[in-house]
Amino acid sequence: MEDDDLQLVRKCCSLAFRAHDSDAHFVKDNSVGSQPIFAFQGSRSVDHWFYGDQFSKSKPYPTYFPSLKALGSGDSGILNLALLQRFDQILLDSQSRLPNEADRTRKKKIVFTGLSNGGAAAILATIWLLETHRRDPKPDVLCITFGAPLVGDKIVGHAIRREGWSSCFRNFVFPRDPIPRIHFCPRDEIAGDLPSVLLSRVAVNPGGSTPRTLSSASETNQFSEKLFDVVFSSAFSIASYDSCVLRSSAGGGCLLAAVNGLVKLSPYRPFGIFYFCCSEGEVVKVENHEAVTQILFHSLLLEGSSSGSNGYQTYDIKKIVPLDNLQTIPLSANDKDDDVNSGPNILDLDMDARLNLIAAGDMEQARKKNLATVNGYKHDINACLSKLQTYCTNCDDGIGYYDAFKLQQHKADFEANVTRLELVGHWEEVRELVKGFELPDSFETNREWVDLGTRIRVLVEPIDIANFYRHDKNEETNLYKADSRARPNYYRYPENWLRHMRGLVPEADPLWGKEWNLDSCFWARVENMCIGIKKKGFDSEKGTVLEFEKEVEKWLTEGALSERELKRPTFHKWWGMLPEEHKNNSRIRDRMVDEARPANPTVPN
Amino acid sequence: MANLILSTGVLQKGWSCVTELQRQPFSVKPFGRFTIVAFSSSAPPIVGEAQGCLDRFLELPDKTSSSPLDFLATKDNTKISIHRPSHSAFCHLLGNPALTDQARLHSEAILFPFVALKKLQLKKSGDQKQTQLILVGRSLGGSVAALFALWLLKNRSEESKDAQIITPICITYGSPFIGDAGLQRAISKVEKLKSHFWHVVGDDDVVPREFVVPRLASQVVPGALAEFKPFGTYFLCSKVGCTCIDHPDSVLDLLRISDVDPADLHVQEYDYGAVLQQLKGKIKNKRSAQPQGNSIQIGLSLQLEALGIMAHQHQGLLIEMECRETVVDIRRKGAQNPNKKFNDAKKQMARLEWYMKRCEEGEMDYYDCFKERNAERDYDVINFKNVLNRYWKETVEEAENNPQTSDVPLRDRFLFSGTRYRRMVEPLDIADYYRKPRNEDYMNKKRASHYVTLEKWHEDWVKSKKEDPKEKKAKILTEDSCFWARVEQAALMVNELKGRREQGDMELDGLRNELKNFEGYVWKLISNHALSATVFFERSTFMKWWKQYESELKHNSEFTSYMKNGDYRRYK
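Residues numbered from 1 in each chain as written. Chains lettered and ligands numbered in written order. Predicted model: local features only at pLDDT ≥ 70, side-chain atom pairs only at ≥ 80, totals over all residues. Heavy atoms only, no water.

**A short note on the overall build of chain B**
Item 1. What chain B contains, in helices and strands, is 23 helices and nine strands.
Item 2. Sorting the 572 residues of chain B into buried and exposed places 51% on the buried side.
Item 3. For chain B, long-range pairs separated by at least 24 residues make up 73% of all intrachain contacts whose partners lie at least 6 apart in sequence.
Item 4. When the accessible surface of chain B is split by element, carbon and sulfur atoms take 50% of a total near 27600 Å². (Helix = DSSP H or I, 4+ residues; strand = E, 2+ residues; numbered from the N terminus. Buried < 20%, exposed > 50% of the residue type's maximum accessible area, 1.4 Å probe, protein only. Contact = heavy atoms within 4.5 Å. Areas by Shrake-Rupley, 256 points an atom, 1.4 Å probe, with all protein chains shown as cover.)

Right under this line is the structure:
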């Protein structure tokens, strides 16, 4: 951190204190160069900390956070409902003052800051700003918090890192401050002690006019011993659990599942960069989120460090020591090669903690290694794709590759089947890694992979559908539909990726290619309608047919669907099953007419 | 791992349930997300049980009487021995008159599990979340809890079977081993089970070490003692720390080296509550040892240190434990992704399918092509067939050897693929068999057991499903995978019929009736569209049979007229 930045942090800190007890939702300051700073008000109301169930889980959350999910699976993350509601109120109450203010200063660098609960608001405001400008160049925004609680779960953190927003968040935390860990605890165990804690804290020094230096000992006494114990044992559970995940040996996974059934652990995990403010102005900077979780617990053991929120105001940053290269951390402080002033030593981490940090580093490395492995598949996948493309092109003059594959009459059809299986094998492996978060967080927004995944989906899914109906698998499972279990997940994932990426880029981008607009479940929909009409008659399918025809017309017009496809046997079979009366009024009648009645005498010259 | 278990606080809660038990044989206590059932350690009176050493084991399945735990024995793990006193105590509680002395059936024992547990599970299945059942007990009570947990794997109330199944957790405090290597194998088959048995063992508790080291002179019977084996996850603790171990050999070793001085044999009961309390306080202390080596070695020495064992005094043990860990690690990493294997099998199926297609183009069913083996491609098929057979034999075996705790052993997509495989590949095995002269009765003499199993599973699945009207369309694959074996048998019968008739044998009604049965069978397949159309190719074994049979015919049936009129040509 440069001197300028330190200046900014100090400025933010004093603003955050001012805002914490102010009457307004936020305080704005323009004094630092071209950087407007928004500092958010804090809160002592328990409802602003815990709301709803034990862990104040929100699901689903507002539409202004569309990115906060795992893209492929579509699993949404969890935000702390109490903190979220409070932010929602700020957005609403300020009568769009916040949006306006933020808008007015868009060209400049914006800083959001806050102390404690205000810090959570600052974090949410930052995400909100980044989300609102998803399609524009990334706004220059910085979020600096002091002793802020955790706002989101693992998936939220994953999404933040995936979008490349992680470095916008700078969280300053005292090693023994309970607030950043407060959401590791279930409400019932802590809510009783909370009001007194919240009241006794910043209120000691109203207005902040005469800073009082408090010794760490007397500060600790401000919290009940009990509260600290609950925070401590909850943090211990979380750290043990995550450490088991990191270092999971053979049976680890099952034990985790068993423990999950017993105790409900908090879902919240840190994201962004963390600065642990140790004694004598030494600040340890940690970026790896898994390492941060471990340190949030282990640093609770750090003797003689500050713990109260007031400390942030008087704390003087002297030196920032980055804690990186996790894999090479020496195992004990007495190691000869070890620098006394290294991060782990400043934090006075014991062997257990160090082993966990190394494991966190190993995990990061393993993800990179997986990425390299997966990138190695690209060549094979592309080779398969081009074989299938040739197959598709060769069939185009005849009945089309969907029907050709369904009939399996030629050697080419058989070869396409083998190629399909080869490709799916690789692709499924990639998807499983994505699902288990075993690839770097940014994987799902990697353009090359989104492009590759989409090409696979568009080209190969019709083959999978043909295979499905060729074997009458609908008699075993249910129908093949975009959202049914019969549809393999390896098509669902890239479909979600494309949808997300299209939301990020202008419509002129190649990702908006028209050829990708066609529903890749097109043929399944045709087959399902045929089955439905056969079983239950046309009337039961009428709505679906009308809707489908509307879409077909759209795809034809925009060029996503070629007119040739309408002449394919399966499509023709479908058309043939529709009653005459319906056909005559159909919106795609004109497109079908030549084929249905080859020499139509009624067409005037 | 030890920290994780400790951090749940469940060990302490379980212990307090155990200590609060007084006279009653068990207690049930709900704790929100979970319910603890504690078992008393006082053994029920045993009548007519020999107390001798050799008789400490009860072998399952027992020849003379059945045990509620018989299901643990599986095909490849036929013998399981269980500590007899524990088993009796367990059966006693279960109120099972088969094994316990009927006269001793206390009313309280009957009260026990069925009523109490069923109620418990019923209540909870309503509000979606099921409670996690935790069975606890100290010493013999722990053994009973463990047996009960095993029993519950199979005997869940109907309501909880539908819901997502939560395997019960069992916590024992200072319990001796309850079974032999057979039990150990049965448990280790299901990876998940290992982590649902937590055995808490204190550093100077004698009881859990009872069968580790021979204690009394009378116990030293060669071979007998070595047979008790640990299973599950061991939570070893001392005032200094705690550690978790799940490799059975390492558990044995650690219990052995941490053995208690015989002089302490009569110390008072080990107080797990106090030790656990101390351990909790210990979290706040830092560990400052300086072990060296790689991460496995450091992890292991930390484990030993937690037990108050100095790592450097047991270098040999350390090395051995490290080897075990490494082997487990390698095995885990080396295990091929099941999805990948599945996908590979699918590729072979695609190749076979192409073969079928090629045969069909030559107006032959692939059964006959493979039987006659005129083309090179017929020989290539042998390879695909072998690969597929190996894959499915393994898969079926694996599923079969898990102690059967659920009704459908294979997941849906495996079951469908397995059925497709059976219908496609078994005809090839049949062809292989009947191409050798004088081979007969495939069904009883040659049929591989995994086909039988796959067929049974498919039938169970069909039964469990509502019948949906299917499209009237000939199948690509004949539904009965043994169709060709039946045709071959019928052909043999026609031959016999012809031969005997020519010799003037008049007692042919039996044979004719059997052939009529076969007719009926084929007719049913035809009307259900369950045959592949390729069966009717002129050169097929089936048509050859028909031509022979036709000349011997003395009656008319729906089937014979269908064939005579040539209606089969329109079968599709």
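What follows continues from the structure just given.
**Things to note about the sheet that holds strand β8 (residues 233-237) of chain B**
Residue and element names in this part refer to chain B.
Item 1. Reading across the sheet, the seven strands line up as β1-β2-β5-β6-β7-β8-β9 and stay open at both edges, with mixed pairing between neighbours. Looking along the sheet, the strands with just one partner apiece sit at the ends: β1 (26-31) and β9 (242-245). Averaged over neighbouring strand pairs, the angle between their axes works out to 20 degrees when direction is ignored.
Item 2. The strands that helix α11 (residues 272-282) touches are β5 (132-138), β6 (169-173), β7 (197-202), β8 and β9; relative to β8, the one it contacts most, it runs at about 80 degrees. (Pairing = 2+ DSSP bridges. Axes fitted to C-alpha atoms, helices over the stretch in contact; angles between N-to-C directions.)

**Details of the nonpolar core**
Item 1. Judged by nonpolar contacts, the single largest core of 91 residues is most densely connected at Phe276 of chain A together with Ile171, Tyr173, Trp198 and Phe235 of chain B.
Item 2. Here the element with the most residues in this core is helix α9 (residues 225-246) of chain A; it accounts for twelve residues.
Item 3. In this structure Trp198 of chain B touches Leu255, Ala258, Val259 and Leu262 of chain A together with Ile5, Leu11, Ile169, Cys170, Ile171, Thr172 and Thr233 of chain B, once residues within four positions along its chain are discounted.
Item 4. With 71 residues, the next largest nonpolar core counts Val430, Tyr491, Leu498 and Leu511 of chain A among its residues. (Core = buried A, V, L, I, M, F, W, Y, C linked by side-chain atoms within 4.5 Å.)

**Digging into the sheet that holds strand β5 (residues 110-115) of chain A**
All names here are of chain A.
Item 1. Sheet architecture is open: eight strands sit in the order β1-β2-β5-β6-β7-β8-β9-β10, paired in mixed fashion. In this open sheet, the two strands that pair with only one neighbour each are β1 (26-29) and β10 (319-322). Pairwise comparison of adjacent strand axes, ignoring direction, gives a mean angle of 20 degrees for this sheet.
Item 2. Of the pairings in the sheet, the one linking strand β8 (residues 273-277) to strand β9 (residues 282-286) comprises four bridges and is antiparallel in character. Its bridge partner being in β9, Tyr275 is matched across the sheet by Lys285.
Item 3. Running at roughly 155 degrees to β5, helix α4 (residues 117-132) makes contact with β2 (37-40), β5, β6 (141-146) and β7 (169-173) of the sheet.

**Quick notes on the side chain of Asp368 of chain B**
All names here are of chain B.
Item 1. The residue Asp368 is located in helix α15 (residues 366-372) in this model.
Item 2. Despite being buried, Asp368 has no salt bridge partner; Lys544 is the closest side chain of opposite charge, sitting 5.4 Å away.
Item 3. Contact partners of Asp368, with chain neighbours within four places excluded, come to Trp484, Arg539, Ser540 and Thr541. (Lys, Arg positive; Asp, Glu negative; His and termini not counted. Salt bridge = Lys/Arg side-chain N within 4 Å of Asp/Glu carboxyl O.)

**Topic: the packing of helix α2 (residues 81-93) of chain A against α4 of chain A**
Residue and element names in this part refer to chain A.
Item 1. Close contact between α2 and α4 brings their axes to 9 Å; oriented N to C, the two are set at 65 degrees. Of the possible angle classes, the one that applies to α2 and α4 is roughly perpendicular. In this structure, the crossing between α2 and α4 has a hand that is right-handed. Taking contact as the criterion, the partners of Leu83, Leu84, Arg86, Phe87, Ile90 and Leu91 in α2 are, on α4, Asn117, Gly118, Ala120, Ala121, Leu124, Ala125 and Trp128. (Parallel < 35°, antiparallel > 145°, perpendicular 65-115°, else oblique. Left-handed = near helix turned anticlockwise from the far one by under 90°.)

**A short note on the interface of chain B and chain A**
Item 1. Taken together, the contact pairs 52 residues of chain B with 56 residues of chain A.
Item 2. Taken together, chain B and chain A are joined by two salt bridges.
Item 3. In this structure, the connection of chain B to chain A is made through six residue pairs in polar contact (both at pLDDT 80 or more).
Item 4. Secondary-structure elements contributing two or more residues to the side of chain B that touches chain A are α1 (2-8), β5, α9 (191-194), α12 (295-306), α13 (315-334), α14 (338-361) and α17 (412-434) of chain B.
Item 5. With eleven residues, α14 of chain B is the largest single contributor of residues to the side of chain B that touches chain A.
Item 6. Split by residue class, the side of chain B that touches chain A holds 20 nonpolar, eleven polar and 21 charged. (Polar contact = N/O pair within 3.5 Å; in protein donor to acceptor, adjacent residues only side chain to side chain. Nonpolar A, V, L, I, M, F, W, Y, C, P; charged D, E, K, R; others polar.)

**Section: the packing of aromatic side chains**
Item 1. For the structure shown, the criterion picks out 60 aromatic pairs over all chains.
Item 2. Here Phe571 of chain A and Trp574 of chain A contribute two aromatic rings whose centre-to-centre distance is 4.9 Å and whose plane-to-plane angle is 55 degrees, an arrangement assigned as tilted. With Phe571 of chain A and Trp574 of chain A both in helix α21 (residues 569-577) and three residues apart, this pair spans about one turn of that helix.
Item 3. Judged by its relative accessible area of 0%, Phe571 of chain A falls in the buried class.
Item 4. Here the aromatic rings of Trp523 of chain B and Tyr562 of chain B are separated by 5.2 Å at their centres, their planes lie at 70 degrees, and the arrangement is edge-to-face. Highlighted residues: Trp523 of chain B in helix α21 (residues 509-527) and Tyr562 of chain B in helix α23 (residues 558-564), separated in sequence by 39 residues.
Item 5. Look at Trp523 of chain B and you get partly exposed, because its relative accessible area is 22%.
Item 6. Over the face of the ring belonging to Tyr379 of chain B we find Arg373 of chain B, whose NZ or CZ atom lies 6.0 Å from the ring centre. (Phe/Tyr/Trp six-rings, centres within 6.5 Å; stacked < 30°, edge-to-face > 60°. Lys NZ or Arg CZ within 6 Å of the ring centre and 35° of its normal.)

**As for a positive patch on the surface**
Residue and element names in this part refer to chain B.
Item 1. Together, Lys393, Arg435, Lys436 and Lys446 make up a region of like positive charge exposed at the surface.
Item 2. Checked against the element boundaries, Arg435 lands in the loop between α17 and α18 (442-445).
Item 3. Taking the relative accessible area as the measure of exposure, Arg435 reaches 36% and is therefore partly exposed. (Patch = residues over 30% accessible without salt bridge, like charges linked within 9 Å, V, L, I, M, F, W, Y side chains within 5 Å. Charge placed at Lys NZ, Arg CZ, Asp CG, Glu CD.)

**Remarks on empty space enclosed by the protein**
All names here are of chain A.
Item 1. Enumeration according to the criterion identifies nine cavities of 30 Å³ or more in this entry.
Item 2. Here the second largest cavity defines a volume of roughly 100 Å³.
Item 3. Ile123, Pro149, Leu150, Asn171 and Phe274 are the residues nearest the centre of the second largest cavity, which is lined by 14 residues in total.
Item 4. Tallying contributions element by element places β7 first for the lining of the second largest cavity, with three residues. (1 Å grid on protein atoms, 1.4 Å probe; cavity = no way out; pocket = protein on both sides within 12 Å on 5 of 7 lines; lining within 4 Å. Points joined across faces, edges and corners; volume = space filled by probe spheres on them.)

**Details of the pattern of salt bridges**
Item 1. All chains considered together, the criterion is met by 56 salt bridges over all chains.
Item 2. Note that Arg525 of chain A and Glu551 of chain A form a salt bridge whose closest N and O atoms lie 2.6 Å from each other. Highlighted residues: Arg525 of chain A in helix α19 (residues 522-536) and Glu551 of chain A in helix α20 (residues 538-558), separated in sequence by 26 residues.
Item 3. For the salt bridge of Glu496 of chain B with Arg500 of chain B, the shortest nitrogen-to-oxygen distance reads 2.7 Å.

**Description of α21 of chain B**
Counting along an α-helix, one turn takes 3.6 residues, and residues three or four places apart therefore face a common direction.
Residues and elements named next belong to chain B.
Item 1. Taking 1.5 Å per residue, 19 residues should reach 27 Å; α21 reaches 26 Å between its end C-alpha atoms and fits that length.
Item 2. Those residues of α21 not exposed but buried are Leu511, Arg512, Leu515, Phe518, Glu519, Val522, Leu525 and Ile526. End-on, the buried residues of α21 take up no more than an arc of 130 degrees, which puts them together on one face. Residues Asp509, Asn517 and Lys524 are exposed on α21 and point more than 90 degrees away from its buried face.
Item 3. Looking at the buried positions of α21, the neighbouring elements they touch are α20 (483-502), α22 (541-552) and α23.
Item 4. Downstream of α21 by a residue or two, His529 has a phi angle that is positive, lying close to 55 degrees. (Expected span 1.5 Å × (residues − 1). Arc of directions from axis to C-beta.)

**Regarding the confidence of the model for chain A**
Item 1. Mean pLDDT for chain A: 83, with 86% of residues reaching 70 or above.
Item 2. This model gives residues 202-221 of chain A a pLDDT under 50, and the stretch forms 31 contacts once residues within four places in sequence are excluded. (pLDDT = per-residue confidence, 0-100.)

**Focus on the side chain of His426 of chain A**
Residues and elements named next belong to chain A.
Item 1. Here His426 is to be found in helix α16 (residues 411-435).
Item 2. Reaching out from His426, the side chain makes a polar contact with the side chain of Asp380 at a distance of 3.5 Å.
Item 3. Every residue in contact with His426, bar those within four places of it in the chain, is listed here: Tyr377, Asp380 and Ile381.

**Overview of the confidence of the model for chain B**
Residue and element names in this part refer to chain B.
Item 1. Summary statistics for chain B give a mean pLDDT of 76 and a share of 76% for residues scoring 70 or more.
Item 2. Note that pLDDT drops below 50 for residues 122-128; the model gives that stretch five contacts with residues more than four away or on any other chain.
Item 3. Scored below 50 in pLDDT, residues 157-164 shows eleven contacts in the model against residues more than four places distant or in partner chains.
Item 4. This complex was scored by the predictor with a pTM of 0.82 and an ipTM of 0.76.

**A short note on the environment of Leu423 of chain A**
Residues and elements named next belong to chain A.
Item 1. For Leu423, the location among the structural elements is in helix α16.
Item 2. What makes Leu423 buried here is its relative accessible area of 1%.
Item 3. In this structure, the C-alpha to C-alpha distance between Leu423 and Arg134, residues 289 residues apart in sequence, is 33 Å.
Item 4. Residues in contact with Leu423, not counting those within four places in the same chain, are Ile381, Cys384, Leu385, Leu388, Ile456 and Val460.

**Re the environment of Tyr433 of chain B**
Residues and elements named next belong to chain B.
Item 1. On the secondary structure map, Tyr433 appears in helix α17.
Item 2. In this structure Tyr433 comes out as buried when scored by relative accessible area, which is 10%.
Item 3. In this structure the C-alpha to C-alpha distance between Tyr433 and His83, which are 350 residues apart in sequence, comes to 48 Å.
Item 4. Setting aside its immediate chain neighbours within four residues, Tyr433 contacts Asn439, Glu440, Asp441, Tyr442, Lys445 and Lys446.

**Observations concerning the pairing of β5 of chain A**
Residues and elements named next belong to chain A.
Item 1. Burial runs high along β5: six of the six residues are buried.
Item 2. By the alternation rule, side chains of β5 split into Ile110, Phe112 and Gly114 and Val111, Thr113 and Leu115, which are all buried.
Item 3. As paired elements, β2 and β5 share four bridges and run parallel to each other. Note on β5: the bridge partner recorded for Ala39 is Thr113.
Item 4. Note that β5 and β6 share six bridges and pair parallel. Among the inter-strand pairings, Ile110 is bridged to a residue of β6, identified as Val141.
Item 5. Crossover connection from β5 via α4 to parallel β6: handedness right-handed. (Right-handed = clockwise from strand over helix to strand, strands pointing away.)

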